[in-house]
Amino acid sequence: QQPVQSPQAVILREGEDAVINCSSSKALYSVHWYRQKHGEAPVFLMILLKGGEQKGHEKISASFNEKKQQSSLYLTASQLSYSGTYFCGTERGGSRLTFGEGTQLTVNP
Amino acid sequence: SAVISQKPSRDICQRGTSLTIQCQVDSQVTMMFWYRQQPGQSLTLIATANQGSEATYESGFVIDKFPISRPNLTFSTLTVSNMSPEDSSIYLCSAQDSRLGENGYTFGSGTRLTVV
């Protein structure tokens, strides 16, 4: 079943923060996060494997709440290069990923 | 991270014809995945390709329409057969990449297919 992402779109000014949420009605065992810029392939950001796990990647970090079956991606002090569509992905059997609908992030000067 | 070379990058095809998309990975990978993505939408998994066995297709996708080959651990092809305008989309291959840390996935650059 496809995870649900919110919001669908967000517009920021450079330096502002944003949170993107990913939730599932089924138990989550791992959550992937990817960013896709227009006309390009998705690029891996991070995986969260354990409930309560938090990870950071430069000014982009994420948390995974296993009980709530959700993950959140945090973008702090956003930069123009952060613009793109963010997808969360949840693993099914056989290492197959099901992606959410995506969150379009636009960072303006 | 691993590099996946995908080709062609784009093509315009006549309805009723077939197109084969190729993906070459710069390292050996156990599984490769094929996705379809409509512009502005999410990625939908078509099938999983394992070397030495038949591909596993997701609901709504069949082998006759999307035959897949996986002759070795670094290469796979997806054929879109008997194409119709509804097949116009972006097709991407992907593989799990241990060099990304905890096995993130890397993607080919995509094939933008237009069927006329």
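Scroll up a little and you will see the structure.
The residue numbers shown here count from 1 along each chain, following its written sequence. Think of it this way: whatever chain is written first is A, whatever ligand is written first is 1, and the rest follow in order. In keeping with the model being predicted, local features are shown solely for residues with a pLDDT of at least 70 and side-chain atom pairs are shown and tallied solely at 80 or more, while totals for entire chains, interfaces and linings include all residues. Each side-chain value is worked out from all heavy atoms of the structure, with water and hydrogens disregarded.

## What about the overall build of chain B?
Starting at the N terminus, helices and strands are each numbered in turn, a helix being any DSSP run of H or I of at least four residues and a strand any DSSP run of E of at least two. In terms of regular secondary structure, chain B is built from zero helices and 11 strands. Helices (α) and strands (β) of chain B occur, in sequence order from the N terminus, as β-β-β-β-β-β-β-β-β-β-β. We compute the radius of gyration over the C-alpha atoms and compare it with the globule rule, which gives 2.2 Å times the number of residues raised to the power 0.38. For chain B, whose C-alpha radius of gyration is 13 Å, the value lies close to the compact-globule estimate of 13 Å for 116 residues. Its C-alpha atoms give chain B principal-axis dimensions of about 40 × 30 × 25 Å. The burial tally for chain B puts 48% of its 116 residues in the buried class. In chain B, of all internal contacts separated by at least 6 residues, the share reaching a separation of at least 24 is 53%. Total accessible area on chain B stands at roughly 5,300 Å², and carbon and sulfur atoms take up 46% of it. In this charge count, Lys and Arg are treated as positive and Asp and Glu as negative; neither His nor the chain ends contribute. Here the site of a charge means atom NZ of a Lys, CZ of an Arg, CG of an Asp or CD of a Glu. Taking the average place of the 8 positive charges on the side chains of chain B and the average place of its 9 negative ones, the gap between the two points comes to 8 Å. Relative accessible area decides the class of each residue, using a 1.4 Å probe on protein chains only: under 20% of the type maximum gives buried, over 50% gives exposed, and in between gives partly exposed. Contacts are residue-level and defined by heavy atoms, with any inter-residue pair within 4.5 Å sufficient. The accessible surface values rely on the Shrake-Rupley method and a 1.4 Å probe; as for residues, cover is taken only from the protein chains in view.

## Structural notes on the sheet that holds strand S3 (residues 19–25) of chain B
Two modes of strand pairing occur in sheets, parallel and antiparallel, and in both the strands are linked by backbone hydrogen bonds. All names here are of chain B. When DSSP finds two or more bridges between a pair of strands, those strands are recorded as paired. Judged by pairing direction, the sheet is antiparallel, and its four strands sit side by side in the order S1-S3-S8-S7 without closing on themselves. Each edge of the sheet is formed by a strand with only one pairing partner; in this case those strands are strand S1 (4–7) and strand S7 (68–72). Here the average twist between neighbouring strands, direction ignored, is 15°. Relative to strand S8 (residues 75–80), S7 is paired through three bridges, and the arrangement is antiparallel. Paired with Asn72 across the strands is Phe75, a residue of S8. A fitted line through C-alpha atoms serves as each axis, taken over the contacting stretch for helices, and the angle formed by two N-to-C directions is quoted from 0 to 180°.

## Considerations on the layout of surface pockets
The rule is simple: put a 1 Å grid over the protein atoms alone, call a set of points where a 1.4 Å probe fits but cannot get out a cavity, call an open set with protein on both sides within 12 Å along at least five of seven lines a pocket, and count a residue as lining if it has an atom within 4 Å of a point. Grid points are joined across faces, edges and corners, and a volume is the space filled by probe spheres set on the points. Its volume calculated, the largest pocket comes out at about 560 Å³. If you go around the largest pocket, you meet 28 residues; those closest to its centre are Gln36, His38, Gly39 and Thr85 of chain A together with Gly40 of chain B. When contributions to the lining of the largest pocket are tallied by element, the ones reaching two or more residues are strand S9 (84–91) and strand S11 (103–108) of chain A together with strand S9 (89–97) and strand S11 (111–115) of chain B. Looking at the lining of the largest pocket element by element, the count peaks at four residues for S11 of chain A.

## A look at the interface of chain A and chain B
In this complex, chain A contributes 20 residues to the contact, which on the side of chain B involves 21 residues. Joining two parts hides part of their accessible area as seen by a 1.4 Å probe, and the buried area is that hidden amount summed over both. Taken together, the two surfaces of chain A and chain B that pack against each other cover about 1,600 Å², and 56% of this comes from carbon and sulfur. When a carboxyl oxygen of Asp or Glu is within 4 Å of a side-chain nitrogen of Lys or Arg, the pair counts as a salt bridge. Here chain A and chain B share one salt bridge between them. Two residues, Arg96 of chain A and Glu58 of chain B, come together in a salt bridge whose shortest N-O distance is 2.9 Å. Polar contacts here mean pairs of N or O atoms no more than 3.5 Å apart (in protein, one a potential hydrogen donor and the other a potential acceptor; neighbouring residues in sequence count only if both atoms are side-chain atoms). Linking chain A with chain B are four residue pairs in polar contact (both at pLDDT 80 or more), by the criterion used here. Those elements that provide at least two residues to the side of chain A that touches chain B are strand S4 (31–36), strand S5 (43–48), S9 and strand S10 (97–99) of chain A. Classification used: nonpolar for Ala, Val, Leu, Ile, Met, Phe, Trp, Tyr, Cys and Pro, charged for Asp, Glu, Lys and Arg, polar for all others including Gly. Its residues placed into classes, the side of chain A that touches chain B shows nine nonpolar, six polar and five charged.

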